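# Overview (structure and organization)
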Amino acid sequence: MRLLLLLLVAASAVVRSEASANLGGVPSKRLKMQYATGPLLKFQICVSGYRRVFEEYMRVISQRYPDIRIEGENYLPQPIYRHIASFLSVFKLVLIGLIIVGKDPFAFFGMQAPSIWQWGQENKVYACMMVFFLSNMIENQCMSTGAFEITLNDVPVWSKLESGHLPSMQQLVQILDNEMKLNVHMDSIPHHRS
């Protein structure tokens, strides 16, 4: 029983460290690439879903535009969803602990234990695994945003949340070409003082 508890706590710690690295906690590795002092292209993405896409776009863009600075960061969900995910991560461990120890939390409130609690006491391993995986599934759903937002020098150039899809590489290159030409053109216009 102790071995099961240790395994579940260790697995939860691994999942939570991955979740904090990939889903809005303190990032273990910030998605950042900085080569030059040129324009700043910033990606705000749902890391759990689009990290590889970001890395591919970053590779192609850095080859095509060597002067551009590229940064990537996690697009955080609304605070209510972050709080729900945090609550579930703690509640899951408490519930697993109660299942393993065999304490009936319903007796504390003067209630009769439901049949699912009885089943959980008879099948502790399955009940703990079920609680663990269902809770993780809900936590990941709460933290997933589906975002792939792109800005160039803090000017939005693409939003998956608004458009509903990712830009193709050709679309992104065309947008960047247009923006770069516009910036060069604006820099070449003499500024008059009034």
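Residues numbered from 1 in each chain as written. Predicted model: local features only at pLDDT ≥ 70, side-chain atom pairs only at ≥ 80, totals over all residues. Heavy atoms only, no water.

## So, the packing of helix 3 (residues 79-101) against helix 6 (residues 124-143)
As a packed pair, helix 3 and helix 6 sit with axes 9 Å apart at the nearest point and diverge in direction by 175°. On the basis of the axis angle, helix 3 is roughly antiparallel to helix 6. For the pair helix 3 and helix 6, the contacting residues are Tyr81, Arg82, Ile84, Ala85, Leu88, Ser89, Lys92, Leu95, Ile96, Ile99, Ile100 and Val101 in the first and Lys124, Ala127, Cys128, Val131, Phe132, Ser135, Asn136, Ile138, Glu139, Cys142 and Met143 in the second. When grouped by side-chain class, the residues that make up the contact of helix 3 with helix 6 number 16 nonpolar, 3 polar and 4 charged. (Axes fitted to C-alpha atoms, helices over the stretch in contact; angles between N-to-C directions. Helix = DSSP H or I, 4+ residues; strand = E, 2+ residues; numbered from the N terminus. Parallel < 35°, antiparallel > 145°, perpendicular 65-115°, else oblique. Contact = heavy atoms within 4.5 Å. Nonpolar A, V, L, I, M, F, W, Y, C, P; charged D, E, K, R; others polar.)

## Re the side chain of Lys124
Looking at where Lys124 falls in the secondary structure, it is placed in helix 6. No salt bridge is formed by the buried Lys124; its nearest oppositely charged neighbour, Glu122, is found at 11 Å. Of note is the side chain of Lys124, whose polar atom sits 3.4 Å from the backbone oxygen of Ile99. (Buried < 20%, exposed > 50% of the residue type's maximum accessible area, 1.4 Å probe, protein only. Lys, Arg positive; Asp, Glu negative; His and termini not counted. Salt bridge = Lys/Arg side-chain N within 4 Å of Asp/Glu carboxyl O. Polar contact = N/O pair within 3.5 Å; in protein donor to acceptor, adjacent residues only side chain to side chain.)

## Describing the pairing of strand 2 (residues 40-45)
Two elements, strand 2 and strand 3 (residues 69-74), share 6 bridges in a ladder whose sense is parallel. Within strand 3, the position partnered with Gln44 by the bridge is Glu73. Read from strand 2 through helix 2 (residues 47-64) to strand 3, the crossover connection turns out right-handed. Pairing of strand 2 with strand 4 (residues 148-152) involves 5 bridges; the strand directions are antiparallel. Pairing of Gln44 across the sheet is with Glu149, part of strand 4. (Pairing = 2+ DSSP bridges. Right-handed = clockwise from strand over helix to strand, strands pointing away.)

No statement about biological role is implied by the geometric values presented.
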